[in-house]
Amino acid sequence: MLSDARSQPVAGPAPELQVARDLARRAIPIAPILLVAAAIGWGWGGVASSAIGIGLVPLSASLMYMYVTTPEPGNPRYPRVGLAATMRAKLAEAPPAIAALRDRITDDDAVVYKPLETLFLTGDWHKGRVVLLGDAVHATTPHLGQGAGMAIEDSLVLAEELERGDTPESAFRAYQARRFPRCEYIVERSFAICNAQVNRQPVDQAKATADMFAVVSAPI
Ligand SMILES: Cc1cc2nc3c(=O)[nH]c(=O)nc-3n(C[C@H](O)[C@H](O)[C@H](O)COP(=O)(O)OP(=O)(O)OC[C@H]3O[C@@H](n4cnc5c(N)ncnc54)[C@H](O)[C@@H]3O)c2cc1C
């Protein structure tokens, strides 16, 4: 998949453009189309087309989606009617391979626009007999492609701790202690990449991804 292409700047070297060309040639429909906006405009002062990230995610032989991350100072809301045109406008300076796909973004209902937000709960992840996992306690920006992975890992660790714990309370505490550092790392590193991208600072995505895999491949 192309998840490591999430913060490739449009104007910079973009190996995924070859993939884009291939996908364009194969005329794979790009529905649903996704527009995700980074509504974190602090420190950012001007039009920053190179701060736009674009990715193409094949879902099957006949379907893919495109995501676009853009700086959105002030966290604006866009009306549903005209959302496809809004997304096309955000891609006005896209390179030719993306531009060929851009013109096929015509269905307002297929475009999803959401701010990127993070959440990391530093307090207890449980209360009484209720415990939280996944995005409910550590929602991350998509820049390392690990949100679902972390949720799945949570469930495995929670099941292990429930099996060996004397009480739900002790199992919940042990579960959180094992999960906390890795989830915190993913949320913080993803956000750092997002922030750098929005502020047009260089991002070594390959290194960030390699570092991340070193962390998540270690036993929990
Ligand atoms: C566009 C996009 C691309 C992504 N790509 C990746 C990727 O490549 N790799 C990756 O690892 N992660 C990715 N993620 C992140 C990943 O999807 C999430 O981190 C993951 O789904 C979190 O799982 P979860 O079970 O915690 O929450 P969710 O998947 O959000 O599940 C919560 C469920 O609870 C339901 N619910 C909510 N409120 C109620 C209620 N009151 N009653 C009953 N049900 C309710 C919701 O409908 C939902 O089904 C992506 C996310 C998005 C949006």
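In this text the structure is predicted, and so the values were computed from the model without any measurement.

**Q** Is there a simple way to think about the overall build of the protein chain in this case?
**A** Along the backbone of the protein chain there are seven helices and seven strands. Of all 220 residues assigned to the protein chain, the portion counted as buried reaches 33%. Sequence separation of at least 24 residues holds for 71% of the intrachain contacts in the protein chain that already meet a minimum separation of 6.

**Q** Whenever I open this one, the pairing of strand S3 (residues 63-69) confuses me. Can you help?
**A** In regular strands, side chains alternate between the two faces of the sheet. Inspection of the sheet shows strand S2 (residues 53-60) paired to S3 by seven bridges, in the antiparallel sense. Of the residues in S3, the one forming a bridge with Ser60 is Leu63. Between S2 and S3, which pair antiparallel one after the other, the connecting turn spans two residues.

**Q** Looking at this structure, I do not really get the site of the ligand. What am I missing?
**A** Surveying the vicinity of the ligand reveals twelve residues, the closest of which are Gly134, Asp135, Gly147, Ala148 and Ala151. By residue number, the principal contributor to the shell around the ligand is helix H5 (residues 147-164), which donates four residues. Of the residues contributing to the shell around the ligand, the split by class is five nonpolar, six polar and one charged.

**Q** Would you mind showing me how to read H5 here?
**A** Within an α-helix, residues lying three or four positions from one another point in the same direction, as the helix has 3.6 residues per turn. A rise of 1.5 Å per residue sets the reference length of H5, with its 18 residues, at 26 Å; its end C-alpha atoms lie 26 Å apart and thus fit the reference within 8%. Of the residues making up H5, those classed as buried are Met150, Asp154, Val157, Leu158 and Glu161. All buried residues of H5 fall inside an arc of 110° around its axis, so they share one side. In this structure, H5 carries Ala148, Ile152, Ser155, Leu156, Ala159 and Glu163 as exposed residues pointing more than 90 degrees from its buried face. Buried residues along H5 sit against strand S7 (130-131), helix H4 (135-138) and helix H6 (168-198).

**Q** In this structure, what is going on with helix H7 (residues 205-216)? I would like to understand it.
**A** Over its twelve residues, H7 extends 16 Å from the first C-alpha to the last, a length consistent with the 16 Å expected when each residue adds 1.5 Å. Where H7 is concerned, the buried positions are Gln205, Thr209 and Met212. Along H7, the residues classed as buried sweep out an arc of 60° about the axis, all on the same side. Structural note: H7 exposes Ala206, Lys207, Ala210 and Ala214 on the side pointing more than 90 degrees away from its buried face. Buried residues along H7 sit in contact with H6.

What counts and what doesn't
- Throughout, residues of each chain are indexed from 1 in the direction in which the sequence is written.
- With pLDDT at 70 or above as the cut-off, local features in this predicted model cover only qualifying residues; side-chain atom pairs require 80 or more to be listed or tallied, and sums for whole chains, interfaces and linings still use all residues.
- A run of H or I in DSSP becomes a helix once it reaches four residues, and a run of E becomes a strand once it reaches two; helices and strands are each numbered from the N terminus.
- The exposure scheme places C-beta atoms from the backbone and then counts, for each residue, the other C-beta atoms within 10 Å of its own, assigning buried at 20 or more, exposed at 12 or fewer, and partly exposed in between.
- In this description, any two residues whose backbone-derived C-beta atoms lie within 7 Å of each other are considered to be in contact.
- Any two strands with at least two DSSP-identified bridges between them are counted as paired.
- Using the backbone to place each C-beta atom, any residue with that atom within 6 Å of a molecule or strand is considered near it.
- Note that Gly is not counted as nonpolar here; it falls among the polar residues with everything else outside the nonpolar set of Ala, Val, Leu, Ile, Met, Phe, Trp, Tyr, Cys and Pro and the charged set of Asp, Glu, Lys and Arg.
- An expected span of 1.5 Å times one less than the residue number is assigned to each helix.
- When we speak of the arc, we mean the arc of directions from the helix axis to the C-beta atoms.

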